Amino acid sequence: MPQAARQPPDVWTDAVAAAAALAVDPHGLGGAALRAPAGEARAAWIARLRGFMGPAGGASWVQVPAEASDLQLLGGLDLERTLAEGRPASQRGALARADGGVLAVAMAERMAPSAAAIVAAALDQGTVPAARDQDAAPEQARFCVVAQDEGIAADERPPAALIERLALHLDLSALTHRDLLEVGGFDIPAARLRLRDTMVPDAVVEALCAAADALGVGSDRAALLAVKLARAAAALDGVAAGEVHAAFAARLALGRGRRVCRPSRSRLRRTKRLPLPRTTLRAIPPPPIPIRFAGWMTRWCRRRPRPSRPTSLR
Amino acid sequence: MLIFGDRGTGKSTAVRALASLLPPLRSVEGCAYNCDPGRAAGLCPTCRARHAAGAKTLPARSIAAPVVDLPLGATEDRVAGALDIERALARSEKAFEPGLLARANRGFLYIDEVNLLEDHLVDLLLDVAASGENVIEREGLSIRHPARFVLIGSGNPEEGELRPQLLDRFGLSVDVTTPKDVAQRVRAVKLRDAYDRDPEVFCAEWEGEEAKLRRRIVAARKRLPLVETPDAVREAAAALCVALGADGLRGEMTLLRAAPPCAALDGKAEVAMAHLRSVAPSALRHRLRRNPLDDVGSGLRVERALEELPV
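Residues numbered from 1 in each chain as written. Chains lettered and ligands numbered in written order. Predicted model: local features only at pLDDT ≥ 70, side-chain atom pairs only at ≥ 80, totals over all residues. Heavy atoms only, no water.

A. Focus on the overall build of chain B. Helix and strand counts for chain B come out as 13 helices and 11 strands. Expected size for 311 residues packed as a compact globule is a radius of gyration near 19 Å; at 22 Å, chain B falls within 12% of this value. In terms of its C-alpha atoms, chain B occupies a principal-axis envelope of roughly 65 × 45 × 40 Å. Counting every position in chain B, which comprises 311 residues, the buried fraction comes to 41%. In chain B, once contacts between residues fewer than 6 apart in sequence are set aside, the share between residues at least 24 apart is 70%. (Helix = DSSP H or I, 4+ residues; strand = E, 2+ residues; numbered from the N terminus. Rg over C-alpha atoms; globule rule 2.2 N^0.38 Å. Buried < 20%, exposed > 50% of the residue type's maximum accessible area, 1.4 Å probe, protein only. Contact = heavy atoms within 4.5 Å.)

Here's what the structure looks like:
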């Protein structure tokens, strides 16, 4: 990872470093939730990741649509070929084909929860879940997921069960082609060899857990993935994990996609103070007040200064 | 059993750990239903036919207690079993292909996000879990096979409510909260990281502790038929259910079924009030009628009622 400790973190540099870390430990990190519209930034990032993962023919890259059925993911009887050939013909599922490489899900925000549950189970176990034949050994399926999220609104997100298991949460929607600079200096094969022996000191683990706690991220899995990401980043540098790597991991793994919706105290206070817009006030019927006080109330309301319209919601 | 809790709090890890902790099972070689060769009563149709045909002892092998995951989009076909299409197409034979319930026999069936599962599937699962048998009557098949398993459902109650009738049929419930203590989280993360880096070394390190726990469980299993429940405890259980207003008798029956194993684990021959107190929250927490205007959680209500019980 380029040692740019003094400069503020840049989205594109972080993203490329994240791709490198993912290539160092694909199965451990789970994958990346890539939020970006179809365009140059996303294509450039995917090209970088494919370059890092290995030469063509090395690591497999399996693309599945969001509406992938159970059969396409798990494999099983290929009905067309069976009927054509007259004997049972099976097809290998996408999960088995992605073993050792990447499973790319297009338009992940439209993914069905059932498909997400199957992919999540495969990520957890490292094998194809619920194989048909009980006695056969389950097929190996150690891969990482790249969930290509093209959602625009805040609630258009891939299923939570899948996102939970992906370490990297990247948002490239604000990048233009001018930001896509060359970022180099990653030695992936050497980092892969160093990965097992790279130390993550207790202080870093505690700092990441404390950060998760402070950000309201309740899931232990998120903290675990942050630790693994810090280790991968440190392996790229060839040192034990330090403050820089912990900060990198916190930015990417404990980021916006993962936060539990617990509004902070200051946000609650602000929401209470915001006056209702005038149209709403008119729509609410006035409470019934005794006739005696009615005149006093109208005079008091006319005298009270009207609240001004808020210019910016801060 | 029902486990309430947020994502990433270790629910499925705990279930798999439990299954691997239990002593291995003996099952008939080649049987899709994990039949027990020692018990002639609970055999599947194939094994029963072999047994009747004169095989004195069926060939056996040792397997770990099966833990089957039910995926969220599972259809009834996959869960209960259906016509084997491959054999039907290839050899024009009508055969039954066992589903997930067959594989879970004598083990655990784990359902993640049970509150999002379709109602007819939950009904089917609870019926099978209660009766211990899966009955298939469709597509020209008429099959009845043993399906005794422990149903474990997990979910986040904020994402969807389970109907009260279904909630009631789950025996015990556990509330898993996010650890508030950072030190606990650090310890959990460190242990899991150590396991991921070197699973074999980790398992070897903890083998001693696991073996101790396993021996305790096996000893408690042997002791269980001899544990007695005194009348005072039965009356206290009834009084507790009446005080909490739990509907039906299932709450009480669960209490009286859960307290003896607690006593057996403790090494006692008689159920004491302390054992009743320890199982009461998990047995009754999910059976109480909730007043929407009442802020107090159900767990607290159970504890308050327990305090008012005569000791």
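B. Region of the structure containing helix α11 (residues 220–237) of chain A. All names here are of chain A. Over its 18 residues, α11 runs 26 Å from end to end, which matches the ideal 26 Å to within 8%, given 1.5 Å per residue. Among the 18 residues of α11, 16 are classified as buried, and the element is accordingly described as predominantly covered. At the N-terminal end of α11, a side-chain oxygen is found 3.1 Å from the backbone nitrogen of Arg-221, two or three residues along, and the residue is Ser-219. Backbone geometry just after α11 places Gly-238 at a positive phi near 80°. (Expected span 1.5 Å × (residues − 1). Polar contact = N/O pair within 3.5 Å; in protein donor to acceptor, adjacent residues only side chain to side chain.)

C. Just the interface of chain A and chain B, in detail. Between chain A and chain B, the contact holds 40 residues from the first and 34 residues from the second. Across the interface of chain A and chain B, roughly 3100 Å² is buried in total on both sides, 52% from carbon and sulfur atoms. For the pair chain A and chain B, the number of links is 7 salt bridges. In this structure, Arg-185 of chain B and Asp-213 of chain A form a salt bridge, with 3.5 Å as the shortest nitrogen-oxygen distance. Counting every contact that joins chain A to chain B gives 11 residue pairs in polar contact (both at pLDDT 80 or more). Taken together, the residues of the side of chain A that touches chain B sort by class into 20 nonpolar, 7 polar and 13 charged. (Buried area = accessible area lost by both parts, 1.4 Å probe. Salt bridge = Lys/Arg side-chain N within 4 Å of Asp/Glu carboxyl O. Nonpolar A, V, L, I, M, F, W, Y, C, P; charged D, E, K, R; others polar.)

D. Just the environment of Leu-70 of chain B, in detail. All names here are of chain B. Secondary-structure assignment places Leu-70 in strand β4 (residues 67–70). On the accessibility criterion, Leu-70 (4% relative accessible area) is buried. In this structure Leu-70 touches Val-79, Leu-100, Leu-109, Tyr-110, Ile-111, Asp-112, Leu-117 and Leu-125, once residues within four positions along its chain are discounted.

E. Examining the packing of aromatic side chains more closely. All names here are of chain B. Counted according to the given criterion, the structure contains 3 aromatic pairs over all chains. Plain terms: the ring middles of Tyr-195 and Phe-202 are 5.6 Å apart, the flat faces sit at 75° to each other, and that makes the pair edge-to-face. For Phe-202, a relative accessible area of 18% corresponds to the buried category. Between Phe-202 and Trp-206, the aromatic rings sit 6.1 Å apart at their centres with planes inclined by 40°, giving tilted as the arrangement. Pair noted here: Phe-202 and Trp-206 are both in helix α9 (residues 199–223), with a separation of 4 residues, about one helical turn. Accessibility expressed as a relative area gives 31% for Trp-206, which makes it partly exposed. Among the aromatic residues, those joined into a ring-pair cluster are Tyr-195, Phe-202 and Trp-206. (Phe/Tyr/Trp six-rings, centres within 6.5 Å; stacked < 30°, edge-to-face > 60°.)

F. Spatial organisation of the pattern of salt bridges. Taken as a whole and judged by the stated rule, the model has 23 salt bridges over all chains. Its salt-bridge partner being Asp-193 of chain B, residue Arg-231 of chain A comes within 2.9 Å of it at the nearest N-O pair. On the criterion of chain membership, the pair formed by Arg-231 of chain A in helix α11 and Asp-193 of chain B in helix α8 (residues 182–197) is interchain, its members lying in two chains. For Asp-193 of chain B, a relative accessible area of 8% gives the class buried. Several salt bridges share partner residues, and in doing so they unite Asp-213 and Asp-220 of chain A together with Arg-185 of chain B into one network.

G. Summary view of the nonpolar core. Residue and element names in this part refer to chain A. Judged by nonpolar contacts, the single largest core of 67 residues is most densely connected at Trp-12, Trp-45, Leu-170, Phe-186 and Leu-229. For this core, the element with the highest residue contribution is α11, accounting for 13 residues. If we skip the residues at most four places from it in the chain, Trp-12 touches Ala-41, Ala-44, Trp-45, Arg-48, Leu-175, Asp-179, Leu-180, Leu-181 and Val-183. (Core = buried A, V, L, I, M, F, W, Y, C linked by side-chain atoms within 4.5 Å.)

H. Quick look at helix α12 (residues 273–284) of chain B. Residues and elements named next belong to chain B. Taking 1.5 Å of rise per residue, 12 residues should cover 16 Å, and α12 covers 16 Å from first to last C-alpha, within 8% of that figure. Summarising burial for α12: 9 of the 12 residues are buried, a large majority. Within the sequence span of α12, burial applies to Met-273, His-275, Leu-276, Val-279, Ala-280, Pro-281, Ser-282, Ala-283 and Leu-284. Looking at the packing, one finds that the buried side of α12 touches β11 (173–176), α10 (231–244), α11 (250–266) and α13 (298–308).

I. Up close: the packing of α8 of chain B against α9 of chain B. All names here are of chain B. Where α8 contacts α9, the two axes come as close as 5 Å, and the packing angle between them is 120°. Relative to α9, α8 is oriented oblique. Along the contact surface, α8 presents Arg-187, Leu-191, Ala-194, Tyr-195, Asp-196 and Arg-197, while α9 presents Pro-199, Phe-202, Cys-203 and Trp-206. Split into classes, the residues belonging to the contact of α8 with α9 amount to 7 nonpolar, no polar and 3 charged. (Axes fitted to C-alpha atoms, helices over the stretch in contact; angles between N-to-C directions. Parallel < 35°, antiparallel > 145°, perpendicular 65-115°, else oblique.)

J. Quick peek at the confidence of the model for chain B. Residue and element names in this part refer to chain B. Overall, the prediction assigns chain B a mean pLDDT of 84, with 95% of residues at 70 or greater. Of all the helices and strands in chain B, helix α4 (residues 85–91) carries the lowest mean pLDDT, 77, while α11 carries the highest, 92. Across the whole predicted complex the pTM is 0.79, and at the interface the ipTM reaches 0.78. (pLDDT = per-residue confidence, 0-100.)

K. Geometry of the side chain of Thr-127 of chain A. Looking at the element boundaries, Thr-127 of chain A is found in the loop between α7 (113–125) and β6 (144–149). The class of Thr-127 of chain A is buried, set by a relative accessible area of 15%.

L. Main features of the sheet that holds strand β7 (residues 108–112) of chain B. All names here are of chain B. Strand order across the open sheet formed by 5 strands is β4-β7-β10-β1-β11, with parallel pairing between neighbours. The outermost strands of the open sheet, each flanked by one partner alone, are β4 and β11. The sheet shows a mean angle of 20° between the axes of neighbouring strands, direction not considered. Bridge count between strand β1 (residues 2–5) and β11: 4 bridges; the pairing is parallel. Paired with Ile-3 across the two strands is Val-174, which belongs to β11. (Pairing = 2+ DSSP bridges.)

M. Focus on a nonpolar patch on the surface. Together, Leu-79 and Leu-83 of chain A together with Ile-85 and Leu-89 of chain B line one region of the surface with nonpolar side chains, adding up to about 370 Å² of accessible area. If you list the elements that add at least two residues to the nonpolar patch, you get α5 (79–85) of chain A together with α4 of chain B. For Ile-85 of chain B, a relative accessible area of 47% corresponds to the partly exposed category. (Patch = residues over 30% accessible without salt bridge, like charges linked within 9 Å, V, L, I, M, F, W, Y side chains within 5 Å. Areas by Shrake-Rupley, 256 points an atom, 1.4 Å probe, with all protein chains shown as cover.)

N. Quick peek at unusual backbone geometry. Backbone geometry at Met-107 of chain A places phi at a positive 50°, although glycine is not the residue there. Turning to its location among the elements, Met-107 of chain A is positioned in the loop between β5 (102–105) and α7. Of the residues examined, Met-107 of chain A reaches a relative accessible area of 33% and is grouped as partly exposed. Residue Asn-34 of chain B is not a glycine yet carries a positive backbone phi of 55°. By the secondary structure assignment, Asn-34 of chain B is in the loop between β2 (25–28) and α2 (45–52).

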